[in-house]
Number of protein chains: 2
Amino acid sequence: HFQDFDLATIYVSDAQYNRNIFFDTSPQAVRLYLLYNHWALKILLYFFILVNLSLAIFEEPALVSLPTWATMLVELLCLLVFTIRLVHYAKVIPREKFWKDPKNICIIVVLLLTLIDMIIYGALKAANLYSVRWSRVLRPLLLINVTEGRQLRRAFRSIRNALPEVSSVFVLFIFSVLMFSLMALKLLSKRGLKTIEGASYFTNYLEIVFELYVLVTTANSPDVMMPAYNANSIFALFFILYILVNTYIFMSVFLAVVFNNYKKHLKEEIRQLVRAKRHKMARAFGVLQEQREEGGPPVVSHENWNKLVQRARPDISNAHRELLWRVCDDSNQSFIGGSGTGPNCTFINTETSVVVVETGKVSFVQLADLLNIEVITLKSRPHPLQSLIPSFYESRLSRLLCRVVQHRGFVITFDLIILVNAVFIGLDEENPLISNSEWVFLALYILEILLKLYVFEPRAFFSKHSFWNWFDTIVVISALIATIINSALKSSGGYTSRQVLDIVFILRVLRLIRVVDRIKRFRAIINTLIRIGPAILTFGQLILVVYYIFAMVGMELFKNKVKFYEDVSNPEKAYCGNLLLKGSTFAQLNYCKNNFNNVVSSFILLLELTVVNQWHDILYKISYLNPFSSFNFLNPIPLLGTGFATVTHKSALIFFVLFHVMVVIIIINIFVAFVLEAFFVEY
Amino acid sequence: HFQDFDLATIYVSDAQYNRNIFFDTSPQAVRLYLLYNHWALKILLYFFILVNLSLAIFEEPALVSLPTWATMLVELLCLLVFTIRLVHYAKVIPREKFWKDPKNICIIVVLLLTLIDMIIYGALKAANLYSVRWSRVLRPLLLINVTEGRQLRRAFRSIRNALPEVSSVFVLFIFSVLMFSLMALKLLSKRGLKTIEGASYFTNYLEIVFELYVLVTTANSPDVMMPAYNANSIFALFFILYILVNTYIFMSVFLAVVFNNYKKHLKEEIRQLVRAKRHKMARAFGVLQEQREEGGPPVVSHENWNKLVQRARPDISNAHRELLWRVCDDSNQSFIGGSGTGPNCTFINTETSVVVVETGKVSFVQLADLLNIEVITLKSRPHPLQSLIPSFYESRLSRLLCRVVQHRGFVITFDLIILVNAVFIGLDEENPLISNSEWVFLALYILEILLKLYVFEPRAFFSKHSFWNWFDTIVVISALIATIINSALKSSGGYTSRQVLDIVFILRVLRLIRVVDRIKRFRAIINTLIRIGPAILTFGQLILVVYYIFAMVGMELFKNKVKFYEDVSNPEKAYCGNLLLKGSTFAQLNYCKNNFNNVVSSFILLLELTVVNQWHDILYKISYLNPFSSFNFLNPIPLLGTGFATVTHKSALIFFVLFHVMVVIIIINIFVAFVLEAFFVEY
Ligand code: NA
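All values reported here derive from a predicted model rather than from experimental measurement.

Engineer: Can you help me understand the pairing of strand β2 (residues 298–301) of chain B in this one?
Structural biologist: Each regular strand displays side chains that alternate between the two surfaces of the sheet. All names here are of chain B. Across the two faces of β2 the burial is the same, with Pro-298 and Val-300 and Val-299 and Ser-301 all buried. By the bridge criterion, two bridges tie strand β1 (residues 290–291) to β2 in an arrangement that is antiparallel. Counterpart to Gln-291 in the pairing with β2 is Pro-298. Taken together, β1 and the strand that follows it, β2, pair antiparallel across an intervening segment of six residues, in which Gly-295 is found at a positive phi of about 75°.

Engineer: Sorry if this is basic, but what is going on with the nonpolar core here?
Structural biologist: Among soluble globular proteins, nonpolar side chains are generally buried collectively. Membership of the largest hydrophobic core comes to 374 residues, with the highest contact counts inside it found for Phe23(A), Phe239(A), Trp305(A), Phe23(B), Phe239(B) and Trp305(B). In this structure, Trp305(B) is in contact with Val300(B), Arg321(B), Leu324(B), Trp325(B), Cys328(B), Ile336(B), Phe364(B) and Leu367(B), ignoring residues within four places of it in sequence.

Engineer: Looking at this structure, how should I read the interface of chain A and chain B?
Structural biologist: Many descriptions give the size of an interface as the accessible area lost when the pieces come together. At the interface, 89 residues of chain A touch 89 residues of chain B. Taking both partners together, chain A and chain B bury about 8,500 Å²; carbon and sulfur atoms supply 69% of that area. Inspection of the chain A/chain B interface yields two salt bridges. For Asp502(B), the salt bridge is made with Arg191(A), and the minimal N-O distance between the two is 2.5 Å. Between chain A and chain B we count twelve residue pairs in polar contact (both at pLDDT 80 or more) in total. A breakdown of the residues in the side of chain A that touches chain B according to their chemical character gives 57 nonpolar, 17 polar and 15 charged.

Engineer: How should I be thinking about the packing of helix α4 (residues 68–92) of chain A against helix α6 (residues 102–126) of chain A in this particular structure?
Structural biologist: A pair of packed helices is characterised by two quantities: the angle between their axes and the separation of those axes. Residues and elements named next belong to chain A. Contact geometry of α4 with α6 gives a least axis separation of 11 Å together with a crossing angle of 160°. The pairing of α4 with α6 is recorded here as roughly antiparallel in orientation. Crossing hand, α4 versus α6: left-handed. Here α4 contributes Thr-68, Met-72, Glu-75, Leu-76, Leu-79, Phe-82, Thr-83, Leu-86 and Tyr-89 to the contact with α6, which in turn contributes Asn-104, Ile-107, Ile-108, Leu-111, Thr-114, Leu-115, Met-118, Tyr-121, Gly-122 and Lys-125.

Engineer: What should I look at first to understand the pattern of salt bridges in this one?
Structural biologist: Once the charged atoms of two side chains with opposite charge are near each other, the side chains can pair. Scanning the model with the defined rule gives 46 salt bridges over all chains in all. Two residues, Glu269(A) and Arg154(A), come together in a salt bridge whose shortest N-O distance is 3.2 Å. Here the residue Glu269(A) occupies a position in helix α11 (residues 235–288), and Arg154(A) occupies one in helix α8 (residues 150–188), the gap between them amounting to 115 residues. The partner of Asp6(B) in a salt bridge is Arg311(B), and the shortest N-O contact between them spans 2.9 Å. You can see Asp6(B) sitting in helix α1 (residues 2–16) and its partner Arg311(B) sitting in helix α12 (residues 302–312), a full 305 residues away along the chain. Residue Asp6(B) is classed as buried on the basis of its relative accessible area of 10%.

Engineer: Would you mind showing me how to read the packing of aromatic side chains here?
Structural biologist: Aromatic rings considered in pairs are described by the distance between their centres and by the relative angle of their planes. All names here are of chain A. Considering all chains together, one arrives at 76 aromatic pairs over all chains under this definition. Consider the rings of Phe-47 and Phe-48, whose centres lie 5.4 Å apart with planes at 80°: the pair is edge-to-face. Exposure remark for Phe-48: the relative accessible area of 12% places this residue in the buried category. Residues Phe-467 and Trp-468 carry aromatic rings whose centres are separated by 5.1 Å and whose planes lie at 85° to one another, so their mutual orientation is edge-to-face. Accessibility expressed as a relative area gives 13% for Trp-468, which makes it buried.

The rules behind the values
Residues numbered from 1 in each chain as written. Chains lettered and ligands numbered in written order. Predicted model: local features only at pLDDT ≥ 70, side-chain atom pairs only at ≥ 80, totals over all residues. Heavy atoms only, no water. Buried < 20%, exposed > 50% of the residue type's maximum accessible area, 1.4 Å probe, protein only. Helix = DSSP H or I, 4+ residues; strand = E, 2+ residues; numbered from the N terminus. Pairing = 2+ DSSP bridges. Core = buried A, V, L, I, M, F, W, Y, C linked by side-chain atoms within 4.5 Å. Contact = heavy atoms within 4.5 Å. Buried area = accessible area lost by both parts, 1.4 Å probe. Salt bridge = Lys/Arg side-chain N within 4 Å of Asp/Glu carboxyl O. Polar contact = N/O pair within 3.5 Å; in protein donor to acceptor, adjacent residues only side chain to side chain. Nonpolar A, V, L, I, M, F, W, Y, C, P; charged D, E, K, R; others polar. Axes fitted to C-alpha atoms, helices over the stretch in contact; angles between N-to-C directions. Parallel < 35°, antiparallel > 145°, perpendicular 65-115°, else oblique. Left-handed = near helix turned anticlockwise from the far one by under 90°. Phe/Tyr/Trp six-rings, centres within 6.5 Å; stacked < 30°, edge-to-face > 60°.

Below is the structure:
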């Protein structure tokens, strides 16, 4: 009987959190499954995934160098944890299900390949041979394939579903670029035009294709047009038409196709989720059902229902549980009646009974959703001070204070104080008047919070949903602590810690943000943004996976080709430590830190490539310095204006263009589609 | 009775073309209204609007200079035409309606202001005083306010409706930019960082605000980040967060808000159109109705219906009209019954009669839509050659030929020929083999068209909807003519006309495009694009209006500040004819032609600003040279890297930022929203 409750609880919480795992229903497996879903184990798993991904910081090319044996040891530990987790999972679900699931196969393959790679790498390293840790690109796959990565898998499915349509538009788009390039070649190649660097303009077909592809992202506008436009104004028409067709129309069509697919797919996913949820709740009902009367419908008693809810959500109060029961059992019986799990229900003839049965079944099924609803207790609790010192709290003065704090004028006064504060922050803080004023503002903000706590019930003030109250209090208190530390440091030795000061500044500016919450229109927008926040985290993971893979590959291909020197006096700084970059605009623009020398700068570089501006420039600069430089794919000089005649390799271009297509055309569009849809639903 | 038909015809065609004009129903007004809607008068009106707008080409600052009296004379003629058209309109609709309509008031005000401006300008010019033709910015208002500008007015209403929500998001967005700027000021201003030009970095608040505003468009990425990033990698986080919030999230929210409003507004407009259409058809019914039986419902006889349709669409065939009648009169009577115009219909009791009455009414109302449907006659007409020379056309050889042409292999063969042709076009045409091959390809394409004409019925081949057949034939024949002219010119004097050759090249490349029609997936996308084409023209007008206004203002403010020289040897070319630009990157990048010196280069410059890339650079360069240069609003040196310490004026910045907000944030988003919606509906 005890195991029955375990099983029913699992079904309910699986339905509640939309888990979709076909576990074994044997008592032992059920207990293991309960353990498997324990929050501590999940956090442990994500911690080790994070550790595994973070190893890139310490591995060659490293941001912080650690000996190879240390990182390898940590990685082995991670692999061990993942293996244990997988074995645990294998014990929970039936064997045939386990081996049929591509997620599990994928994890096993990743673990094995990683192990093999580590052995090969260790052996080659020991023999002082060149070796590559190629299995590092596989690490993000674990993030996708762990059982908890449901949201992320859904996002990838979204992409996969959009792919056929996106690729047919993409082929058409490429065709358009190729046709325009051919036209540009015929119209412009024989005119003897020169770029600003004096190189020939639009004479090589592949070069034109690339230039026009870059123009789609607008990154080389208007430079790419200028030589032709300077020769004859009529050529501007060509570029205008090109931008209209390929930048505006085709990019909108990409968004339309991605958005369309996203919506279609989302509907289908939600339908499936609802179906699976009903199925699980019906199973939970089936486990707990009992026969009240001979031949009557199966029902779940109030007692069993109570036990179930207590196990599924141990944190909710008795009153809340009682409320849920009243919602479920609206016919005031001591049980919820149901009609079994299958669609072949046995209905009872009297009309009222039918209603009870149907209500009962629906009531039980909806429990999963009811458990997810946050019940906000809006009881007007008396202020604790009222019971502690009633004579004072109810005095005339105290009441007046309450009325003042609740008055609109109070809010407006503090809005004005924030505005004045904003001006003071903008002024030079080295003026002693200004820097001392900070104490006044801090005192005012603390006073405001104390007054509010005096007037409003503290538990209501700090309820789960009072985002801005929490935000205000945390920011003000942190600012107070940081300011005190800063002053203490300053007065003790005249020494000001830059880090502490930075934190003080950030907190000061953050304090101003809450002014947006005052205006109703803004509040609606901000609340929408806060609500879609968690889902944006899924996109964060998606981006992390793609960035990580590209960063790993990029680091292998381009590491230490471009160097950054902190030391200003170092003569090598002028050409990023690579003579090939001597006199290049890349070096002149101080782009040396845009390199693949460690995982952090790789990520930042990939972000710059996502933003697209200047990406062709960075691309060219880095792909020149390609280790495989042997293939003269494009003549780089016209675009660069630098004198070095290095050559580039196809694969380097493929790397960057692939990244552009993946991230800018697909992922960013999915992100925009997602924000659009979320806004339509929420706003 | 004759006038009744006029009136009914007008109601029907108003309903058909969604015109919404409450004209006078007196016989004289009706006749005038018929004339008013004549296509020739409409074309004449649009021609004069175009002439009026084109005057900017000839007025100072002119692309092609004409004496002031000449342009003024033409403008007076235009004003006369517009006045006559307006008077005509005033005669057509009731007086009180005319004066209540803001469109008419707007036109009158524009005409009067233009006249006043012309007089002032003429007088000042005669007295050799400085004068501005300020009324030129009003010209595009005529395009919006003429009765035919319905689509354009709808687009502007779209914008107006989206404005309140867009502006509240915009205020929030600006607040976010201001907060981030304040944070940047506090974090970065005291670090003594330098830009690549050695100027101080992020020390002036307004400068930071502007730089970060530009970063939203990504135009100065990654340059704006580099000094901070080079100082410490941690600052990259600030810029990443900034781009995430302001570029990705806020720009998506703008699109979401615009799209949401667009959809809402579109639905409402369509509902109103349908209502107005029904109302007009009910009126037409009311005009032609007659009483068949005493006390029976009013009906329209077949005879009258026929006359009405003949007048409303004189071009459709008798068979087509008969088809429409059968669709309308499905109860096989010789009349269409109805129940009057109001909602208080008198229903007849017998059930069948009620059906007749209702069907009749609906049938009549739907006539307006039926007239808009193109009936494609899919009759398999015999080939004309079959009746001319039946013995030959039905011979064995001829039939084999027909089968060959209809075979899939024929299509594939010509696709391959196109591909080979594409390669040949890409190769150097100075090779005699290549240039002669052109004749072979031309012959093959002509052969293909002739063969198709031999096999398929010519009228079906060149039907209205065979877009690609028309396209093919026109392109091939034009290419043939152009190639012959080119060869003739070449052989006659060895002289090759560049223009003719350009046309030949364009036509050659265009010939390749039809390959996309072969692939089914592409055809769907292309057809969608072709179908939304006409609506894109409305956007073209919208853009024209906004560009024209900005071009006129820009020309007054910035004309001849930056000069372009065709002559390479001119020493002034190096600094665009303005010593202030000596050594600037603007001049180094050959941007001199990006100026406001005439209406064509103004439009191209505005397009470059729409594309956004480098816009801050162009903006700065041009706003330096502002005539009102007296206000040190921003310290320009850090961004420019040029040594000149000129100052700029607020108003110039306002001009460019206003343009950016108007065009990039509002109009481009409406365009994207429109393409999205059209794609969802059509695809
Ligand atoms: Na850009």
